[in-house]
Amino acid sequence: MNESSETVVIKPNDDTDTSAVEETVVNEIGKRSLDKSEDVCENNHKICKIDNGNDANQSTSLSKRQLKKIQKQQIWMEKKAKRKELNKEKKEEKKKWKAQMRESGVEVPKVKTNKMADSTCKQRIVLDMSFDDLMSDKDLCKCSNQILRCYGLNRRMDNPMQLYICSYEGKIRETMAKHNGSEFWDIKYLEDSFDKVFQKEEIVYLTSDSMNVLESLDDNKVYIIGGLVDHNSCKGASLKIANDLGVAHARLPIDENINMQTRKILTINHVFEIISKVVSGISWKEALISTLPKRKMFSVLDEEDLLEYNNCTIDNKSKLEIECPEAEKNENLIEENVLLDN
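Residues numbered from 1 in each chain as written. Predicted model: local features only at pLDDT ≥ 70, side-chain atom pairs only at ≥ 80, totals over all residues. Heavy atoms only, no water.

Asker: Describe in detail the overall build of the chain, supporting the description with residues and values.
Answerer: Broken down by element type, the chain carries eleven helices and 13 strands. The buried share of the chain, taken over its 342 residues, is 42%. Contacts spanning at least 24 positions in sequence make up 73% of the contacts within the chain whose residues lie at least 6 apart. (Helix = DSSP H or I, 4+ residues; strand = E, 2+ residues; numbered from the N terminus. Buried < 20%, exposed > 50% of the residue type's maximum accessible area, 1.4 Å probe, protein only. Contact = heavy atoms within 4.5 Å.)

Structural data, given as structure tokens:
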């Protein structure tokens, strides 16, 4: 792949910190110019050159969207120290609160967690991390955060599923290391790819591009979730792997239970959460309704079944299509609890 580099120059505004320095931006053929440099983690941030001149050609090489994104990143970096200080203060306040509770004789409740080894559930779920070369640094960070949420969901189940991470090496391993203590999480980390760990006949790769519908879960099967955050830019990547390896593939029964008005692309932790609820005995419909965030703008197809759900409304809606604007969204609470426990 041929690459060329250019220096990004931005016109300063009243809020711009002129102490910022220049950065070289790598342009890849077939992609927009800042695809790689824009997507960054906190420890690998981007700084751009500020020029006080009035050269009209300074911003012509970048679109308005790219300039806005870079300026937004600059503001984010300027407030980084303040955010860090606020987080530190919150932790100190929480420690003081716990100490006061203990001094007053009140027991501080602990988050209940369970281990996979003690679980009666033997359903195996694998996160396939073989896509790290398709993700930018920022998307790798998002991917690692979604893994964190999967881990938090699993260990709070009464009977956790058996969670594996395969192809755990390279960039994704380096990114996961930023989560303190992640190497001690109750997850089975494997460097080998999933097809070398499990029998081909027991593998089912979950992908929204499959024509096969996953109607029920089988304890004897191993369900693979693609560890890819790509904003749908690598459509068909999971299906291609399944076809190349000759393993079974299927999609979640979304169309059979609800109408989604947006793309049927779910995050890693949403797929994991839906499966965890079905494993626990909840129906596919209820699992989907209680997991999908409000922004997905979905509606259900069956009025009678819908009456069981408190987060849906049937006022002034047709019988065959009833909107459900209030879906539960608990990943932020899960992530907060995980960080507190660590």
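Asker: Explain the packing of aromatic side chains residue by residue, including any values.
Answerer: Under the defined criterion, the tally for this structure stands at four aromatic pairs. Here Tyr168 and Tyr189 contribute two aromatic rings whose centre-to-centre distance is 4.6 Å and whose plane-to-plane angle is 35°, an arrangement assigned as tilted. Taken together, the positions of Tyr168 in the loop between strand 6 (162-166) and helix 5 (171-176) and Tyr189 in strand 7 (residues 188-189) put the pair 21 residues apart, joining distant regions of the chain. Lying across the ring of Trp76, Arg83 places its NZ or CZ 4.2 Å from the centre. (Phe/Tyr/Trp six-rings, centres within 6.5 Å; stacked < 30°, edge-to-face > 60°. Lys NZ or Arg CZ within 6 Å of the ring centre and 35° of its normal.)

Asker: Any chance you could break down the pairing of strand 6 for me, citing the residues and the numbers?
Answerer: Of all the five residues making up strand 6, five are buried; the element is thus mostly covered by neighbouring parts of the structure. Residues of strand 6 alternate between two faces, with Gln162, Tyr164 and Cys166 on one and Leu163 and Ile165 on the opposite face, all of them buried. With five bridges joining them, strand 5 (residues 124-128) and strand 6 adopt parallel strand pairing. Within strand 6, the position partnered with Asp128 by the bridge is Cys166. Note that the unit made of strand 5, helix 4 (residues 137-155) and strand 6 has a crossover that is right-handed. Sheet analysis places strand 6 next to strand 7, joined by two bridges and oriented parallel. Opposite Tyr164, over in strand 7, you have Lys188 as the bridge partner. Of the crossover connections in this fold, the one passing from strand 6 over helix 5 to the parallel strand 7 is right-handed. (Pairing = 2+ DSSP bridges. Right-handed = clockwise from strand over helix to strand, strands pointing away.)

Asker: Account for the packing of helix 8 (residues 268-279) against helix 9 (residues 284-291), naming residues and giving values.
Answerer: Orientation of helix 8 relative to helix 9, taken along the N-to-C sense of each, is 140°, at an axis distance of 9 Å. In terms of orientation, helix 8 lies oblique with respect to helix 9. The chirality of how helix 8 crosses helix 9 is right-handed. Contact with helix 8, carried on its side by His270, Glu273, Ile274, Lys277 and Val278, involves Trp284, Ala287, Leu288, Ser290 and Thr291 of helix 9 and no other residues of that element. Residues belonging to the contact of helix 8 with helix 9 are distributed by class as follows: five nonpolar, three polar and two charged. (Axes fitted to C-alpha atoms, helices over the stretch in contact; angles between N-to-C directions. Parallel < 35°, antiparallel > 145°, perpendicular 65-115°, else oblique. Left-handed = near helix turned anticlockwise from the far one by under 90°. Nonpolar A, V, L, I, M, F, W, Y, C, P; charged D, E, K, R; others polar.)

Asker: Can you lay out the pairing of strand 8 (residues 203-206) for me, pointing to particular residues and giving the numbers?
Answerer: On strand 8, burial covers both faces: Ile203 and Tyr205 on one face and Val204 and Leu206 on the other are all buried. Pairing of strand 8 with strand 9 (residues 222-226) involves four bridges; the strand directions are parallel. If you follow Leu206 over to strand 9, its bridge partner there is Ile225. Bridging between strand 8 and strand 10 (residues 248-250) involves three bridges; their strand directions are parallel.

Asker: Break down helix 7 (residues 237-245) for me, citing the residues and quoting the values.
Answerer: Taken as a whole, helix 7 has its buried residues at Ala237, Ser238, Leu239 and Ala242. Backbone geometry just downstream of helix 7 places Gly246 in the positive-phi region, at approximately 70°.

Asker: Describe in detail unusual backbone geometry, supporting the description with residues and values.
Answerer: In this structure, Ser167 takes a positive phi of about 55° despite not being glycine. Along the chain, Ser167 falls in the loop between strand 6 and helix 5. Assessed through its relative accessible area of 9%, Ser167 is described here as buried.

Asker: Can you break down the state of the cysteines residue by residue, with the values?
Answerer: A disulfide bridge is the covalent bond that connects two cysteines by way of their sulfur atoms. Following the criterion strictly, the structure yields zero disulfides and no others. A disulfide-free cysteine, Cys143 has its sulfur positioned 9.0 Å from the sulfur of Cys150, the nearest such atom. Accessibility expressed as a relative area gives 0% for Cys143, which makes it buried. Using a relative accessible area of 0% as the deciding quantity, one classes Cys150 as buried. (Disulfide = S-S within 2.5 Å.)

Asker: Describe the packing of helix 4 against helix 8, naming the residues involved and giving the relevant values.
Answerer: Remark: helix 4 packs on helix 8, axes separated minimally by 8 Å, with the N-to-C direction vectors making an angle of 20°. Here helix 4 lies roughly parallel to helix 8, going by the angle between them. Between helix 4 and helix 8 the crossing geometry is right-handed. Contacts from Cys143, Gln146, Arg149, Cys150, Leu153 and Asn154 of helix 4 reach helix 8 at Ile268, Asn269, Phe272 and Glu273. When the residues that make up the contact of helix 4 with helix 8 are grouped by side-chain class, the tally is five nonpolar, three polar and two charged.

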